[in-house]
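Each chain, letter by letter, is given below.
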Amino acid sequence: MLPLSHCTYKTLSQFSPLKFPTFSRYLSFSPATRTDLLFFTSKAQSLLQVKQSHAFALINGFLPQAVSICASLILRYGAYRESTTCHRLFDETVQYSKSAFLWNTLIRAFSIARGCGVFEIYNGLVRNDVVRPDDHTFPFVLKACADSVNIRKGMEIHGVVVKLGFDLDVFVGNTLMLFYGNCGNLRDAGNVFDGMTERDVVSWNTVIGMFSVNGCYKNALEFFCEMKLRSEFKPNIATVVSALPVCAGLQGEEVGRQIHGYVVTVGLDSQVTIGNALVDMYGKCKNMKASRRVFDEMTERNEVSWNAVISSLAYHGYNKDVMCMFRLMISETVQPNSVTISTVLPILADLELLNLGKEIHGRTLRFGIESDLFIGNSLIDMYAKLGDSVKASIVFCQMHEKNVVSWNAMVANFAQNKAELRAIELVRQMQFLDNIPNAVTFTNVLPACARLGCLRPGKEIHARTVRMGCHTELFVSNALTDMYAKCGCLSIAENIFKISLKDEISYNILIVGYSQTSDCSKSVSLFLDMTLMGLEPDIISYMGVISACANLTALKQGKEIHGLLLRNNLYTHLFIANSFLDLYTKCGRMDLAIKVFDRIPHKDAASWNTMILGYGMLGELKVAINLFEAMKEDSVRYDSVSYLAVLSACSHGGLVEKGKKYFHLMQAQNVKPTHMHYACMVDLLGRAGLIEEAVSLVKSLPLKPDANVWGALLGACRIHGNIEFAIWAAEHLFELKPQHCGYYAVLSNMYAEAGEWDESNRVRELMKLRGAKKNPGCSWVQIDDQVHAFVAGERAANFDAGPSIL
């Protein structure tokens, strides 16, 4: 019979005892051959066949004495996580073992099975008086420490290694480095490497890979250069594959090219793993031409090769090229895997290719990979971004396995697709099912609370972020600040802002938030603080501070910002230009507004509307109407604000027929009238003395009149002294706004003018009874950099509008 070492696995399989009704032929082999044969045949066995082999060994008396058979069975049971059986086999045979071999096998089996008893076995071996740990024990147990990131136990074992003198063993040293690297303790890993008296190529590969994986690219590169120049070992495939990601991380294409040259020189360029690493390295160094050339020249490719080039293209935003490569991959009959699909699906969302996304979804169903966690998460994200919330929900519900990313994607799905209440409820359900939210969860759900103005759930989430200690993280603090700002709690928003990390978005939230309140001066102050902090204002920053200047009528600061934008070449941005139009029209500087307006290359409806409203407010009604007509000639479509502006101009100019014409034109163009449009029409008719027609319009409204409509009618009645309809309008206004003193004053004055003093006094008494008080008049005037507010009956108050922006 041939020695076993000369046998192939195929040859050995014909001797398997499971293929014969009797075992006479098997028993004719020598004991050593029986042991080896059982070990080799067990390598391809299922759990049932392993148990049959175990039974065979028991029946024929090989166990418990045969240590090698016992060790082989322990390893096979370990692969199937049969920990109890492994322990029983060990307990029965250990008395026949004269070395640590069987102990080491059990440690290895438990490590394979991811069992929690590895360290108990090791402790038992250390306490054993007969057998001592050997040089194979420590690599096995240290690997278990590395896998479980058990730093304390690993350091304890390191101490035993030094005590027993195994620290000089190269295999033990390599495993110690691996342990410290997995635990993120790179300093001790480096110390182990430096203290090794003997090293092999694995030692160098381990230290390079360890520093590379932990992002210490410069250290990894130094070790690579030292290995290449000073050691007796030359970089091999594993070394190169570990070093190339370092070049990608450092954007060090030059070093990557040197490694590429070395690979070609020593003949490793034909290795598919190295080709994949080169494709990835060049891609991340933004040299897609070199990346594609390496890919095209590869003699052998696998899924990783295609994924590397597709990921590189996606990384730099070459979305169309990604789709071309994906189609080419399919045409080459290479089956896309979960990494490929997870890379391509976000691209489809960016390109808004919903139908192609559905096609790829169908492909994953056909190939049975739709249950992959990464694919499921990517599908949810794609459908959510493309507005198909229902499909995203179906994918989520059909996922057998979910992680926090799955839940986060669904929360974002609901929040992005106007299902804010469902997003908030999903976070509650997530916690109920013992899934712990993270910072991304809170960042996704807080905008939903902000859009709904739901302060209470927002505060609950805030409390949860505080308990979890993530409330000061940049994205979370920005989301919290935004939520409180949009819920009208700017003081709380500012408190969060003060204690958190800050970036441009943090400042923008408060700049925009305060610009929409009476405390606009804070927007200007925050804008100045932002520039002093060295942060670069963006379009949103400028729009917020310009809006604040417009509301403050702070022309000086607004002109300074305009000058700043001129120097930075941002003045042509449409939103910025429209903001300046709003500023100059509110400040009455139509001369400056028209200069900005004329320089806008592509005007939108907002540009025209602002100018029409501006001229209308200043009484230049003919100019306002002419602009409205010119807007049509410029092929800009009218919107509801356009009609509101022109109707307001017609109302103030008494242009009844023109106003009616524009009102009918608006309806003909399917622009739905709002309360404000109807209020303008009532005001137009009322000012012209057509009170009866105005009343008929109010009675025929398709929606319930609001305070604006009734207020317009009351104002018209006041002008023409129609007390009958004034009483009717005032009664509705008293119901809608009982605290508004102006309506009481108008009706009371009308009664007084008509000589009905008792009725006039009755209205005044009603006003006092309901606690309606007239707010004192306030005037603002700017002197240098100060805006002074003068309030009737009080001393002058002032607040700082902010020092010069420039």
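Residues numbered from 1 in each chain as written. Predicted model: local features only at pLDDT ≥ 70, side-chain atom pairs only at ≥ 80, totals over all residues. Heavy atoms only, no water.

### Comments concerning the overall build of the chain
Put simply, the test is: Put simply, DSSP marks the helices as runs of H or I at least four residues long and the strands as runs of E at least two long, and each gets a number from the N terminus on. Any residue under 20% of the maximum accessible area for its type is buried, any over 50% is exposed, and the rest in between are partly exposed; the area is computed with a 1.4 Å probe on protein chains only. For accessible areas, the Shrake-Rupley method is used with a probe of radius 1.4 Å. Any residue's cover is judged against the shown protein chains and nothing else.
The number of helices and strands found in the chain is 46 helices and three strands. Here the chain holds 806 residues, and 47% of them are scored as buried. Accessible surface for the chain amounts to roughly 40100 Å². Of this, 54% is attributable to carbon and sulfur atoms.

### Remarks on the packing of aromatic side chains
We count it as follows: What counts as a ring pair is set by centres within 6.5 Å for rings of Phe, Tyr and Trp (its six-membered ring), and what kind of pair is set by the plane angle: stacked under 30 degrees, edge-to-face over 60, tilted for all other angles.
Per the stated rule, a full pass over the model turns up 22 aromatic pairs. With 6.4 Å between their ring centres and 65 degrees between their planes, Y122 and F138 make a pair best called edge-to-face. Of this pair, Y122 sits in helix α8 (residues 118-127) while F138 sits in helix α9 (residues 137-148); the two residues are 16 residues apart in sequence, bridging distant segments of the chain. Among the residues examined, Y122 registers a relative accessible area of 1% and is labelled buried. Accessibility expressed as a relative area gives 0% for F138, which makes it buried. Ring centres of W710 and W728 lie 4.9 Å apart, and the angle between their planes is 90 degrees; this geometry places the pair in the edge-to-face category. Here W728 lies in helix α44 (residues 723-736) and W710 lies in helix α43 (residues 707-720), a separation of 18 residues in the sequence. Ring pairs connect the aromatic residues F193, W204, F211 and F223, which therefore count as one cluster.

### Observations concerning the side chain of T441
Rule in force here: We define a polar contact as two N or O atoms separated by no more than 3.5 Å, with the added condition that, inside protein, one atom must be a possible hydrogen donor and the other a possible acceptor, whereas residues neighbouring each other in sequence contribute only through side-chain atom pairs. Any two residues having at least one pair of non-hydrogen atoms within 4.5 Å are treated as being in contact.
Tracing the backbone through its elements, the reader meets T441 in helix α27 (residues 439-452). Assessed through its relative accessible area of 0%, T441 is described here as buried. A polar contact is formed between the side chain of T441 and the side chain of N408, at a distance of 2.5 Å. Sequence-distant contacts of T441, that is, excluding residues within four places in its chain, are made with V404, N408, V411, V427 and M430.

### Concerning the packing of α44 against helix α45 (residues 741-753)
The axes of two packed helices give the description: the angle between them and the distance between them. Counted only if it meets this: Between N-to-C directions, angles span 0 to 180 degrees; the directions come from axes that are lines fitted to C-alpha atoms, helices contributing only their stretch in contact. Our angle categories are set so that under 35 degrees counts as roughly parallel, over 145 as roughly antiparallel, 65 to 115 as roughly perpendicular, and the remainder as oblique. Crossing handedness is read from the near helix: turned anticlockwise from the far helix by less than a right angle, it gives a left-handed crossing, and turned clockwise, a right-handed one. For this classification, the nonpolar set comprises Ala, Val, Leu, Ile, Met, Phe, Trp, Tyr, Cys and Pro, the charged set comprises Asp, Glu, Lys and Arg, and every other residue, Gly included, is treated as polar.
For the pair α44 and α45, interaxial distance at closest approach is 10 Å and the crossing angle is 155 degrees. Relative to α45, the element α44 lies roughly antiparallel. Taken as a pair, α44 and α45 cross one another with a handedness that is left-handed. Facing α44, whose interface residues are I723, A726, I727, A730, L733 and F734, α45 presents Y743, Y744, L747, M750 and Y751. Partitioning the contact of α44 with α45 into residue classes produces 11 nonpolar, no polar and no charged.

### Some remarks on the UniProt feature "repeat: PPR" (unreviewed entry) in the chain
What counts here: UniProt positions are given in the numbering used here, feature names are shortened, and annotations may be inferred rather than shown by experiment.
When the UniProt feature table is mapped onto this chain numbering, "repeat: PPR" (unreviewed entry) sits at residues 200-235, 302-336, 372-406, 503-537, 604-638 and 639-673. Within residues 604-638, the helical portion is 74% and the strand portion 0%, while the C-alpha atoms at the span's ends are 10 Å from each other.

### Section: the nonpolar core
To be explicit about the condition: What we call a nonpolar core is a set of buried Ala, Val, Leu, Ile, Met, Phe, Trp, Tyr and Cys residues that are connected through their side-chain atoms within 4.5 Å.
Within the largest apolar cluster, 238 residues are counted, with the highest numbers of intra-cluster contacts made by I74, I546, F580 and L713. For L713, the residues in contact, after removing those within four places along its chain, are V682, A694, V695, V698, W728 and A729.

### Quick word on the packing of helix α11 (residues 170-182) against helix α13 (residues 201-213)
It is at 10 Å that the axes of α11 and α13 come closest, and there the two elements cross at 5 degrees. As judged from the angle between their axes, α11 and α13 are roughly parallel. Contacts from V170, N174, M177, L178 and G181 of α11 reach α13 at V202, S203, T206, V207 and M210. Of the residues contributing to the contact of α11 with α13, the split by class is six nonpolar, four polar and no charged.

### Considerations on the environment of S477
Following the sequence through the fold, S477 ends up in helix α29 (residues 474-486). The class of S477 is buried, set by a relative accessible area of 1%. Considering only alpha carbons, one finds S477 and A439, 38 residues apart in sequence, at a separation of 9.8 Å. In this structure, S477 is in contact with H471, T472, I496, S500 and L501, ignoring residues within four places of it in sequence. Within the structure, the side chain of S477 is placed 3.0 Å from the backbone oxygen of L474, a separation counted as a polar contact.

### Quick word on the environment of H361
By the element assignment, H361 lies in helix α22 (residues 354-366). Once the C-alpha coordinates of H361 and L345 are considered, the two residues, 16 residues apart in sequence, prove to be 9.2 Å apart. Excluding its chain neighbours within four sequence positions, the residues that come into contact with H361 are L379, Y383 and V395.

### Let's talk about α8
Turning to α8, its buried residues are V118, F119, I121, Y122, G124 and L125. Buried residues in α8 make contact with α6 (83-93), α7 (101-112), α9 and α10 (151-164).

### Thoughts on the pattern of salt bridges
Stated formally: Counted as salt bridges are all cases of a side-chain nitrogen of Lys or Arg within 4 Å of a carboxyl oxygen of Asp or Glu.
This model, assessed by the stated rule, comprises 19 salt bridges. Between E460 and R456 there is a salt bridge; the shortest N-O distance is 3.9 Å. Remark: R456 and E460 occur in helix α28 (residues 455-468); sequence separation between them is four residues, near one turn of the helix. For E460, a relative accessible area of 39% corresponds to the partly exposed category. For D683, the salt bridge goes to R687, with nearest N and O atoms at 2.8 Å. You can see D683 and its partner R687 sitting in helix α41 (residues 675-687), four residues apart, about one turn around the helix. Taking relative accessible area as the criterion, R687 reaches 36% and is therefore assigned partly exposed.

### Observations regarding a nonpolar patch on the surface
Condition: Here a patch means residues that are over 30% exposed by relative accessible area and free of salt bridges, tied together within 9 Å if like-charged and within 5 Å if nonpolar (Val, Leu, Ile, Met, Phe, Trp, Tyr).
Together, V149, I151 and M155 give the surface a local cluster of nonpolar side chains, amounting to about 240 Å² of exposed area. In this fold, M155 is placed in helix α10.

### Brief notes about α43
Selection criterion: What a helix should span is 1.5 Å times the count of its residues minus one.
In this model, α43 (14 residues) spans 20 Å end to end at C-alpha, consistent with the 20 Å of a helix rising 1.5 Å per residue. Every buried residue belonging to α43 is among A707, V709, W710, A712, L713, L714, A716 and C717, and all of these are buried. Residues of α43 that are buried in the fold lie against α41, α42 (691-699), α44 and α45. G721, located one to two residues past α43, shows a positive phi value of around 65 degrees.

### Details of the confidence of the model for the chain
As a reminder, the rule being used: The quantity known as pLDDT measures the predictor's confidence residue by residue, on a range of 0 to 100.
Per-residue pLDDT for the chain averages 84, and the proportion of residues at 70 or more is 90%. Of the regions scoring below 50 in pLDDT, residues 1-28 engages in 38 contacts with residues more than four places distant in sequence or in other chains. Segment residues 796-806 is flagged for pLDDT under 50; beyond a separation of four residues in sequence, or across chains, it makes 37 contacts in the model.

### Comments concerning unusual backbone geometry
Of the consecutive residues L63 and P64, the connecting peptide bond is found in the cis state with omega at 10 degrees. If you check the backbone angles, E352 has positive phi at about 60 degrees while not being a glycine. Structurally, the position occupied by E352 is in the loop between α21 (338-351) and α22.

### Some remarks on the side chain of N205
On the secondary structure map, N205 appears in helix α13. In terms of polar contacts, N205 uses its side chain to reach the side chain of N236, at 3.1 Å. Other than its neighbours up to four places away in sequence, N205 contacts M227, N236, A238, T239 and S242.

### Structural notes on the environment of V170
By the secondary structure assignment, V170 is in helix α11. Classification of V170 as buried rests on a relative accessible area of 7%. C-alpha separation for the pair V170 and E198, spaced 28 residues apart in sequence, amounts to 5.9 Å.

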